[in-house]
Amino acid sequence: QRKEVFIMDTIYTKNAPDAIGPYSQAVKIGDMLYTSGQIAINPATGNVEAADIVGQSKQVMANLKAVLEAGTSFDKVVKTTCFLKDVARDFSAFNEVYAEAMGDAKPARSCVGVADLPKGVLVEVEVIAAL
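These notes cover the structure that comes with them. This structure is a prediction, so every number in the text was calculated from the model and none was measured. (Residues numbered from 1 in each chain as written. Predicted model: local features only at pLDDT ≥ 70, side-chain atom pairs only at ≥ 80, totals over all residues. Heavy atoms only, no water.)

1. Concerning the packing of aromatic side chains
Here is step 1 of the chain: Applying the stated criterion to the full structure yields one aromatic pair.
Here is step 2 of the chain: A centroid spacing of 5.6 Å and a plane angle of 45 degrees characterise the contact between phenylalanine 94 and tyrosine 98, whose relative ring orientation is tilted. Here phenylalanine 94 and its partner tyrosine 98 are both found in helix α2 (residues 87-102), four residues apart, which amounts to about one turn of the helix.
Here is step 3 of the chain: In this structure phenylalanine 94 comes out as buried when scored by relative accessible area, which is 0%.
Here is step 4 of the chain: Above the plane of the ring of tyrosine 98 lies arginine 109, whose end atom (NZ or CZ) is 4.6 Å from the centre. (Phe/Tyr/Trp six-rings, centres within 6.5 Å; stacked < 30°, edge-to-face > 60°. Helix = DSSP H or I, 4+ residues; strand = E, 2+ residues; numbered from the N terminus. Buried < 20%, exposed > 50% of the residue type's maximum accessible area, 1.4 Å probe, protein only. Lys NZ or Arg CZ within 6 Å of the ring centre and 35° of its normal.)

2. Quick look at the pairing of strand β3 (residues 32-35)
Here is step 1 of the chain: When strand β2 (residues 26-29) meets β3, the two strands line up antiparallel, connected through four bridges. Opposite isoleucine 29, over in β3, you have methionine 32 as the bridge partner.
Here is step 2 of the chain: What sits between the antiparallel neighbours β2 and β3 is a turn of two residues, in which glycine 30 has the positive phi angle 60 degrees.
Here is step 3 of the chain: As defined by bridge partners, β3 adjoins strand β8 (residues 123-130) across three bridges and the pair is classed as antiparallel. Residue pairing for β8: leucine 33 is matched across the bridge by alanine 129. (Pairing = 2+ DSSP bridges.)

3. Some remarks on the pattern of salt bridges
Here is step 1 of the chain: Evaluated as defined, the whole model comprises two salt bridges.
Here is step 2 of the chain: Arginine 89 is paired through a salt bridge with aspartate 86; the nearest N and O atoms lie 3.8 Å apart.
Here is step 3 of the chain: Under the relative-accessibility criterion, aspartate 86 is labelled partly exposed at 27%.
Here is step 4 of the chain: A salt bridge links arginine 89 to aspartate 90, with the shortest nitrogen-to-oxygen separation between them at 2.8 Å.
Here is step 5 of the chain: The structure contains a network of salt bridges with shared partners spanning Asp86, Arg89 and Asp90. (Salt bridge = Lys/Arg side-chain N within 4 Å of Asp/Glu carboxyl O.)

In structure tokens form, the structure reads like this:
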């Protein structure tokens, strides 16, 4: 019987918000990086400062960029999952910020509406990226 062995490295950067629960900002396994969901916390203050979807989306994408800098970048993202508190109201504005941050990258994506998000934010995004 063959036993699978893998090494999982925990990722931490001070340039993204600290985890607010029992999880890591991201983990590396093999040649892939999996981020936890990022919300609109400013890592410098530990607070959610933006009140609207554009400001929160910009902070989320900046946080993801900081985590990805552990060995990859937006151009190597293969899958994103996006959570919006109000899809009907915020989808278009979120998409503009998302597209700007992703540049030419067009990874697979799911975008779902949710009833609530941590700290009452409007958006959360997680990504899977190649290293």
